[in-house]
Amino acid sequence: MKSQRNYLDYKHALKIKNQPLAKIVIVCMLLRNAHNTFYGSQTSVYFNLLPPLFEVWISQGKPGRPIPIDSIFNPLYNDDDDDNDDNNDDDDGNNNDDGT
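The structure displayed is predicted, hence computed values, not measured ones. (Residues numbered from 1 in each chain as written. Predicted model: local features only at pLDDT ≥ 70, side-chain atom pairs only at ≥ 80, totals over all residues. Heavy atoms only, no water.)

Re the overall build of the chain
Here is step 1 of the chain: Per the secondary structure count, the chain includes three helices and zero strands.
Here is step 2 of the chain: In the chain, the share of contacts with a sequence separation of at least 24, taken over all contacts with a separation of at least 6, comes to 20%.
Here is step 3 of the chain: Accessible surface for the chain amounts to roughly 9400 Å². Of this, 54% is attributable to carbon and sulfur atoms. (Helix = DSSP H or I, 4+ residues; strand = E, 2+ residues; numbered from the N terminus. Contact = heavy atoms within 4.5 Å. Areas by Shrake-Rupley, 256 points an atom, 1.4 Å probe, with all protein chains shown as cover.)

Remarks on helix α1 (residues 21-39)
Here is step 1 of the chain: Between its terminal C-alpha atoms α1 stretches 27 Å, which fits the 27 Å expected from 19 residues at 1.5 Å a residue.
Here is step 2 of the chain: Residues of α1 that are buried: I24, C28, A34, N36 and T37.
Here is step 3 of the chain: In the core, the buried residues of α1 are packed alongside α3 (54-59).
Here is step 4 of the chain: A positive phi of about 80° marks G40, the residue just after α1. (Expected span 1.5 Å × (residues − 1). Buried < 20%, exposed > 50% of the residue type's maximum accessible area, 1.4 Å probe, protein only.)

Thoughts on a nonpolar patch on the surface
Here is step 1 of the chain: On the surface, I67, I72, F73 and Y77 cluster together into a nonpolar patch covering about 440 Å² of accessible area.
Here is step 2 of the chain: For I67, the position within the fold is in the segment after α3. (Patch = residues over 30% accessible without salt bridge, like charges linked within 9 Å, V, L, I, M, F, W, Y side chains within 5 Å. Salt bridge = Lys/Arg side-chain N within 4 Å of Asp/Glu carboxyl O.)

Some words on the packing of aromatic side chains
Here is step 1 of the chain: Scanning all chains against the criterion turns up four aromatic pairs.
Here is step 2 of the chain: With centroids separated by 5.0 Å and ring planes inclined at 90°, the aromatic side chains of Y46 and F47 adopt a geometry described as edge-to-face. With respect to class, Y46 is no different from F47; both count as exposed.
Here is step 3 of the chain: Among the aromatic side chains, those forming a connected cluster through ring pairs are F38, Y39, F54 and W57. (Phe/Tyr/Trp six-rings, centres within 6.5 Å; stacked < 30°, edge-to-face > 60°.)

Side note on the confidence of the model for the chain
Here is step 1 of the chain: Confidence along the chain averages 76 in pLDDT terms, with 64% of residues attaining 70 or more.
Here is step 2 of the chain: Confidence, read as mean pLDDT per element, is least for α3 in the chain (88) and greatest for helix α2 (residues 42-46) (92). (pLDDT = per-residue confidence, 0-100.)

Notes on unusual backbone geometry
Here is step 1 of the chain: Despite not being glycine, N48 has its phi angle at roughly 55°, a positive value.
Here is step 2 of the chain: Relative to the assigned elements, N48 resides in the loop between α2 and α3.
Here is step 3 of the chain: A relative accessible area of 70% places N48 in the exposed class.

Details of the side chain of S44
Here is step 1 of the chain: Following the sequence through the fold, S44 ends up in helix α2.
Here is step 2 of the chain: The exposure class assigned to S44 is buried, which follows from its relative accessible area of 14%.
Here is step 3 of the chain: Once you skip the residues sitting within four places of it in the chain, S44 turns out to touch L49 and P51.

Points about the side chain of S71
Here is step 1 of the chain: On the secondary structure map, S71 appears in the segment after α3.
Here is step 2 of the chain: Of the residues examined, S71 reaches a relative accessible area of 16% and is grouped as buried.

Below, the structure is given as structure tokens:
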């Protein structure tokens, strides 16, 4: 796992109180499993088994919480709450170039 995730090789950065070590390891394992679904592994070659498709592998997991409606990551998010007009940057509302 270290060979593909260089971040795990920085011993000074992986001190227990400096980084969320458990989360980093879990994310690295998930990324490694996702990599195996795309490219296979020596184990799948040895046993002559194809790894599952990425879509199948993802769908087997526990469903996550839905993305909140007000999140910018939600496909239905609409930023209509912006009352400021970005085209008019003058404080006095005057758009003349001569300052009058």
